[in-house]
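# Descriptive analysis of the structure
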Amino acid sequence: MKHIAISLGLKGNVFEEMFGEEVQAVRMNYYPPCSRPDLVMGLSPHSDGSGLTVLQQAKGGSVGLQILKDNNWVSVQPIPNSLVINIGDTMEVLTNGKYKSVEHRAVTHKEKDRLTIVTFYAPSYEIELGPISELVNERNPCKYRRYNHGEYSKHYVTNRLQGKKTLDFAKIPDSYFA
Ligand SMILES: O=C(O)CCC(=O)C(=O)O
Ligand SMILES: [Fe+2]
């Protein structure tokens, strides 16, 4: 997060300061082998609501994580002893869309199972957030409204995973700028 801040010309601790008493949640996903991977999805397409997500994949499992890039699903090949870091919706909002949350899904495999341990790093539920003012100007109009992160989290968990649809909660519609 510090390096993201610096890459945008911001103070290194800007996100850390905004997150307040941050929330870390851990989810473990187990995908058993599946005789019909063509019919069964492991985890539906979604973006995470977090700031950043850290994903670890157990050794020897199948390849399962895919990200949506230029409208194609691309498999993320596991690299031994490494973690996958994904950008979540909160960073997309704070950076006014400069860093976009990644749409991803998990597919199943005919013979192999797969275990992942995922840590979501997110702001305190109490905080209000919106695009950082330094990243909003005439050329980069404000793309997201301010909201309470607890409310966003509630919205996230009470809606179906459906691509990046949950981010509509915060998006200012394009028609507003027309
Ligand atoms: O298991 C995976 O590779 C993806 C998990 C994931 O996207 C999630 O838990 O949010
Ligand atoms: Fe995810």
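Residues numbered from 1 in each chain as written. Chains lettered and ligands numbered in written order. Predicted model: local features only at pLDDT ≥ 70, side-chain atom pairs only at ≥ 80, totals over all residues. Heavy atoms only, no water.

Moving on, we come to the UniProt feature "domain: Fe2OG dioxygenase" (unreviewed entry) in the chain. Under the UniProt annotation, the feature "domain: Fe2OG dioxygenase" (unreviewed entry) is placed at residues 22-123. Here residues 22-123 runs as 6% helix and 46% strand, with 5 Å between its end C-alpha atoms. (UniProt positions renumbered as here; feature names shortened; annotations may be inferred. Helix = DSSP H or I, 4+ residues; strand = E, 2+ residues; numbered from the N terminus.)

The subject of this paragraph is the packing of aromatic side chains. What the rule picks out here adds up to five aromatic pairs. Judged by centre distance (5.6 Å) and plane angle (25°), the ring pair of F19 and Y121 falls under stacked. Remark: Y121 occurs in strand 8 (residues 114-122) and F19 occurs in helix 2 (residues 14-19); sequence separation between them is 102 residues. Ring centres of Y147 and F169 lie 5.6 Å apart, and the angle between their planes is 85°; on these two criteria the pair is classed as edge-to-face. In this pair, Y147 is assigned in strand 10 (residues 147-148) and F169 in the segment after helix 4 (149-157), connecting sequence segments 22 residues apart. Judged on exposure class, the residue Y147 and its partner F169 are both buried. An aromatic cluster is defined as three or more aromatic residues linked by ring pairs; in this entry it consists of Y147, Y152, Y156 and F169. (Phe/Tyr/Trp six-rings, centres within 6.5 Å; stacked < 30°, edge-to-face > 60°. Buried < 20%, exposed > 50% of the residue type's maximum accessible area, 1.4 Å probe, protein only.)

What follows deals with the coordination of the iron ion (ligand 2). Bound to the iron ion (ligand 2) are the protein donor atoms H46 (NE2), D48 (OD) and H104 (NE2), situated 2.1 to 2.2 Å from the metal. Considered as a linear motif, the donors of the iron ion (ligand 2) on their single chain read H-x1-D-x55-H. Note on accessibility: H46 and D48 belong to one class, buried. (Donors = N, O, S within 2.8 Å, 3.2 Å for Na, K, Ca; no water.)

A word on the site of ligand 1. Residues in close proximity to ligand 1 total 13 residues, the closest being R27, Y31, H104, R114 and T116. In the model, an oxygen atom of ligand 1 is placed 2.8 Å from a nitrogen or oxygen of the R27 side chain. In this structure, an oxygen atom belonging to ligand 1 sits 3.1 Å away from a side-chain N or O atom of H46. Where the shell around ligand 1 is concerned, the elements lending two or more residues are strand 1 (23-31), strand 2 (41-46) and strand 8. (Near = heavy atom within 4 Å. Polar contact = N/O pair within 3.5 Å; in protein donor to acceptor, adjacent residues only side chain to side chain.)

This part takes up a nonpolar patch on the surface. A surface patch of nonpolar side chains, amounting to about 480 Å² of accessible area, comprises V26, M28, Y30, L115 and I117. Here the element with the most residues in the nonpolar patch is strand 1; it accounts for three residues. By the secondary structure assignment, I117 is in strand 8. (Patch = residues over 30% accessible without salt bridge, like charges linked within 9 Å, V, L, I, M, F, W, Y side chains within 5 Å. Areas by Shrake-Rupley, 256 points an atom, 1.4 Å probe, with all protein chains shown as cover. Salt bridge = Lys/Arg side-chain N within 4 Å of Asp/Glu carboxyl O.)

This part takes up the sheet that holds strand 6 (residues 84-87). Read across the sheet, four strands follow the order 1-8-3-6 without closing on themselves; strand pairing throughout is antiparallel. Strands at the two margins of the open sheet, each flanked by one partner only, are strand 1 and strand 6. Sheet twist, expressed as the average angle between the axes of neighbouring strands with direction ignored, equals 20°. Bridge analysis of strand 1 against strand 8 gives nine bridges, and the strand direction is antiparallel. Residue pairing for strand 8: A25 is matched across the bridge by F120. (Pairing = 2+ DSSP bridges. Axes fitted to C-alpha atoms, helices over the stretch in contact; angles between N-to-C directions.)

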